[in-house]
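What follows is the residue order along each chain.
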Amino acid sequence: MQEADAVRSLAALAQVLRLRLFRALVVAGPEGLTPSALADHLDVAGNTLSFHLKELTHAGLVTQERQGRNLIYRASFTMMNELMEYLSENCCGGEVCSTTGAAASCRC
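Residues numbered from 1 in each chain as written. Predicted model: local features only at pLDDT ≥ 70, side-chain atom pairs only at ≥ 80, totals over all residues. Heavy atoms only, no water.

Within an unreviewed UniProt entry, the label attached to the protein reads ArsR family transcriptional regulator, and the organism entered is Pseudacidovorax intermedius.

**Some points on a nonpolar patch on the surface**
Let me state the cut-off plainly: Two distance rules govern patches: like charges are joined within 9 Å, and nonpolar side chains (Val, Leu, Ile, Met, Phe, Trp, Tyr) within 5 Å, applied only to residues with over 30% relative accessible area and no salt bridge. Where accessible areas are quoted, they stem from the Shrake-Rupley method and a 1.4 Å probe; at the residue level, only the protein chains shown are allowed to cover. Any carboxyl oxygen of Asp or Glu within 4 Å of a side-chain nitrogen of Lys or Arg constitutes a salt bridge here. Put simply, DSSP marks the helices as runs of H or I at least four residues long and the strands as runs of E at least two long, and each gets a number from the N terminus on.
Taken together, the side chains of Leu10, Met84 and Leu87 make up a nonpolar region of the molecular surface, amounting to roughly 290 Å² of accessible area. Of note, Leu87 is situated in helix 5 (residues 77-88).

**A closer look at the pairing of strand 1 (residues 62-67)**
Note the following rule: Only strands that DSSP links by at least two bridges are regarded as paired with each other.
Note: strand 1 against strand 2 (residues 70-75), 6 bridges, orientation antiparallel. Directly across from Arg66, in strand 2, lies its bridge partner Leu71. Remark: 2 residues form the turn of the hairpin made by strand 1 and strand 2, two consecutive strands paired antiparallel; Gly68 in that turn has positive phi of roughly 65 degrees.

**Re the pattern of salt bridges**
Going by this rule: Accessibility here uses a 1.4 Å probe with only protein chains present; expressed as a share of the type maximum, an area under 20% marks a residue as buried, one over 50% as exposed, and anything in between as partly exposed.
This model, assessed by the stated rule, comprises 3 salt bridges. Note that Arg8 is salt-bridged to Asp5, the shortest N-O span being 2.7 Å. Residue Arg8 and its partner Asp5 are located together in helix 1 (residues 3-13), separated by 3 residues, close to a single helical turn. For Arg8, a relative accessible area of 35% translates into the label partly exposed. A salt bridge links Arg74 to Glu65; its shortest N-O distance comes to 2.7 Å. Residue class for Arg74 comes out buried when judged on its relative accessible area of 17%. Among the residues examined, Glu65 registers a relative accessible area of 35% and is labelled partly exposed.

Put into structure tokens, the structure is as follows:
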């Protein structure tokens, strides 16, 4: 990941509703969610939701797919993992980081 990509991703997540949207899509997993399901879940108006989904999509953190009459939004786990790797690539002074579990943190 390039520095500009990391900045774009972090900027997209640096807003409360976009962070909530992204986290909801992470929880939804590969099945994703429709805009109406997201709007209901987060109690947000459709036009507001569209604006924030566009920002997350532009940053590459979210993908969209048309299924019939519906749009399905999904978290881009690839981009999320690349961002996490970029942020932690030099942790532990360049040594192998000792981690455990799915939500592990660096234990230097």
